[in-house]
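# Chains, contacts and geometry: an overview
One-letter residues, chain by chain:
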Amino acid sequence: MAAVVATPVSPTELDPDRIEEEIRGGPEAEEEVAPPQTTGPGTRLSKLPLARIKALMKTDPDVSLASQESVFIIAKATELFVEMIAKDSLVYAQQGKRKTLQRKDLDNAIEAIDEFAFLEGTLD
């Protein structure tokens, strides 16, 4: 699941050759990428517990093994998704002159934004 952020795109960013290069890893792809680890004391690359995510992934009968990289990617995608829906819901809370998100704010964001259409009816 990819998060989409509405930002202006310059014509150079839409260059198909550049996009393919980025998908393949670009010129930096020759270097080996180290598995996700903490970069120092108290610094984490993921805000979610990777062990718990791995356990959740393994509850799926189709998943027998989950690499450290795949668990990290799922964690990062989840973080981005939660951030995106929270920011979109915050707009509705601010319209109601509130600082606290309420269920109705999430409902409004899900109904108004097409990217969240798959969530319709989940909060019922």
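Quick look at the structure, then. (Residues numbered from 1 in each chain as written. Predicted model: local features only at pLDDT ≥ 70, side-chain atom pairs only at ≥ 80, totals over all residues. Heavy atoms only, no water.)

## Focus on the overall build of the chain
A count of helices and strands for the chain gives 4 helices and 0 strands. If you list the helices and strands of the chain from N to C, you get α-α-α-α. Sorting the 124 residues of the chain into buried and exposed places 15% on the buried side. For the chain, restricting intrachain contacts to residue pairs at least 6 apart in sequence, the fraction spanning at least 24 positions comes to 39%. Put simply, the chain shows about 9,900 Å² of open surface, and 57% of that area lies on carbon and sulfur atoms. (Helix = DSSP H or I, 4+ residues; strand = E, 2+ residues; numbered from the N terminus. Buried < 20%, exposed > 50% of the residue type's maximum accessible area, 1.4 Å probe, protein only. Contact = heavy atoms within 4.5 Å. Areas by Shrake-Rupley, 256 points an atom, 1.4 Å probe, with all protein chains shown as cover.)

## Notes on the pattern of salt bridges
Here the structure, examined in full by the defined rule, presents 4 salt bridges. Between Lys76 and Glu79 there is a salt bridge; the shortest N-O distance is 3.4 Å. Here Glu79 and Lys76 lie together in helix α3 (residues 68-95), a separation of 3 residues that amounts to about one turn. Residue class for Lys76 comes out partly exposed when judged on its relative accessible area of 32%. Note that Asp107 and Arg103 form a salt bridge whose closest N and O atoms lie 3.8 Å from each other. Of this pair, Asp107 and Arg103 both sit in helix α4 (residues 103-112), 4 residues apart, which is roughly one turn of that helix. (Salt bridge = Lys/Arg side-chain N within 4 Å of Asp/Glu carboxyl O.)

## Some words on the side chain of Glu79
Residue classification places Glu79 among the buried residues on the basis of a relative accessible area of 12%. Within the structure, the side chain of Glu79 is placed 2.6 Å from the backbone nitrogen of Lys47, a separation counted as a polar contact. Beyond its immediate stretch of four places on either side in the chain, Glu79 contacts Leu45, Ser46, Lys47 and Leu48. (Polar contact = N/O pair within 3.5 Å; in protein donor to acceptor, adjacent residues only side chain to side chain.)

## Concerning the packing of helix α2 (residues 50-58) against α3
Here α2 crosses α3 at 100 degrees, and the two axes come no closer than 9 Å. As summarised for this structure, α2 and α3 are arranged roughly perpendicular, according to the angle between their axes. Between α2 and α3, the contacting residues are Leu50, Ile53, Lys54 and Met57 on the first element and Ser70, Val71, Phe72, Ile74 and Ala75 on the second. Residue classes in the contact of α2 with α3 are distributed as 7 nonpolar, 1 polar and 1 charged. (Axes fitted to C-alpha atoms, helices over the stretch in contact; angles between N-to-C directions. Parallel < 35°, antiparallel > 145°, perpendicular 65-115°, else oblique. Nonpolar A, V, L, I, M, F, W, Y, C, P; charged D, E, K, R; others polar.)

## Considering the packing of aromatic side chains
Enumeration over the complete set of coordinates arrives at 2 aromatic pairs. Geometrically, the ring pair formed by Phe81 and Phe116 is edge-to-face, given 6.0 Å between the ring centres and 85 degrees between the ring planes. In this pair, Phe81 is assigned in helix α3 and Phe116 in the segment after α4, connecting sequence segments 35 residues apart. Using a relative accessible area of 1% as the deciding quantity, one classes Phe116 as buried. (Phe/Tyr/Trp six-rings, centres within 6.5 Å; stacked < 30°, edge-to-face > 60°.)

## Observations regarding the side chain of Ser89
For Ser89, the position within the fold is in helix α3. You can call Ser89 buried: its relative accessible area is 0%. Setting aside chain neighbours within four positions, we find Ser89 in contact with Leu101, Asp105, Leu106 and Ala109.

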